[in-house]
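So you can see what is in the structure, the chains are spelled out below.
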Amino acid sequence: MKNKEISYVLCRIAIATSLFGHGLVRMPILSGFSGWMTSQFEESMLPQAIVLPFSYILPFIELIVGLLLLAGLFTKQALIVGALAMIALVFGSTAIQQWEAIPSQLIHIAFITFLLAFLEQNKYALDKRFSK
């Protein structure tokens, strides 16, 4: 195992664990999470017609993207979806002036873009097994 490949897989597993964990803990309380999220945006410029569906979809995105990244399956696509979700969260955080949430979201985006930039190091993944 080369150091770059080890670094890549550890980084991929780290961000995957975060995303998967976010989605996993929200699944049993999906309705409550949605209620909390929509209440955060009541005074924002974002219409509830957008916030409500997003609040139900987000945990599924986190869970699925995290699971795919843990396995290293459809890695590129999962990273792109994960980055887009994080960008949406950054926009949402700015809309409600929740500045303290943005650094965490930007750290997730930094991990994701690093992983995308060095995708050729993704040697320990199911993608490699199925691409042969």
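Our structure's up above, just so we're on the same page.
Thresholds applied
- Residues numbered from 1 in each chain as written.
- Predicted model: local features only at pLDDT ≥ 70, side-chain atom pairs only at ≥ 80, totals over all residues.
- Heavy atoms only, no water.
- Axes fitted to C-alpha atoms, helices over the stretch in contact; angles between N-to-C directions.
- Helix = DSSP H or I, 4+ residues; strand = E, 2+ residues; numbered from the N terminus.
- Parallel < 35°, antiparallel > 145°, perpendicular 65-115°, else oblique.
- Left-handed = near helix turned anticlockwise from the far one by under 90°.
- Contact = heavy atoms within 4.5 Å.
- Nonpolar A, V, L, I, M, F, W, Y, C, P; charged D, E, K, R; others polar.
- Buried < 20%, exposed > 50% of the residue type's maximum accessible area, 1.4 Å probe, protein only.
- Polar contact = N/O pair within 3.5 Å; in protein donor to acceptor, adjacent residues only side chain to side chain.
- Patch = residues over 30% accessible without salt bridge, like charges linked within 9 Å, V, L, I, M, F, W, Y side chains within 5 Å.
- Areas by Shrake-Rupley, 256 points an atom, 1.4 Å probe, with all protein chains shown as cover.
- Salt bridge = Lys/Arg side-chain N within 4 Å of Asp/Glu carboxyl O.
- Lys, Arg positive; Asp, Glu negative; His and termini not counted.
- Charge placed at Lys NZ, Arg CZ, Asp CG, Glu CD.

Enquirer: Can you help me understand the packing of helix α4 (residues 75-95) against helix α5 (residues 102-117) in this one?
Expert: Their axes nearest at 9 Å, the elements α4 and α5 cross at an angle of 160°. Classified by the angle their axes make, α4 and α5 are roughly antiparallel. Along this stretch, α4 crosses α5, giving a crossing that reads as left-handed. Each of Lys76, Leu79, Ile80, Gly82, Ala83, Met86, Ile87, Leu89, Val90, Ser93 and Thr94 in α4 lies in contact with α5, whose residues at this interface are Ile102, Gln105, Leu106, His108, Ile109, Ile112, Leu115 and Leu116. Of the residues belonging to the contact of α4 with α5, the class tally is 13 nonpolar, five polar and one charged.

Enquirer: Help me understand the side chain of Arg26 in this model?
Expert: You can see Arg26 is positioned in helix α1 (residues 3-26). A relative accessible area of 18% means that Arg26 is categorised as buried. Looking at Arg26, its side chain comes within polar contact range of the side chain of Glu62, at 2.8 Å. For Arg26, the residues in contact, after removing those within four places along its chain, are Phe33, Leu58, Pro59 and Glu62.

Enquirer: Sorry if this is basic, but what is going on with a positive patch on the surface here?
Expert: A contiguous patch of positive charge on the surface is contributed by Lys2, Lys4, Lys123 and Lys128. Residue position: Lys128 is located in helix α6 (residues 126-130). For Lys128, a relative accessible area of 33% gives the class partly exposed.

Enquirer: In this structure, what is going on with the side chain of His108? I would like to understand it.
Expert: Assignment of secondary structure puts His108 in helix α5. Residue classification places His108 among the buried positions, given a relative accessible area of 10%. For His108, the side chain forms a polar contact with the main-chain oxygen of Ser104, separated by 2.8 Å. Not counting chain neighbours up to four residues away, the residues in contact with His108 comprise Ile15, Ser18, Leu19, His22 and Met86.

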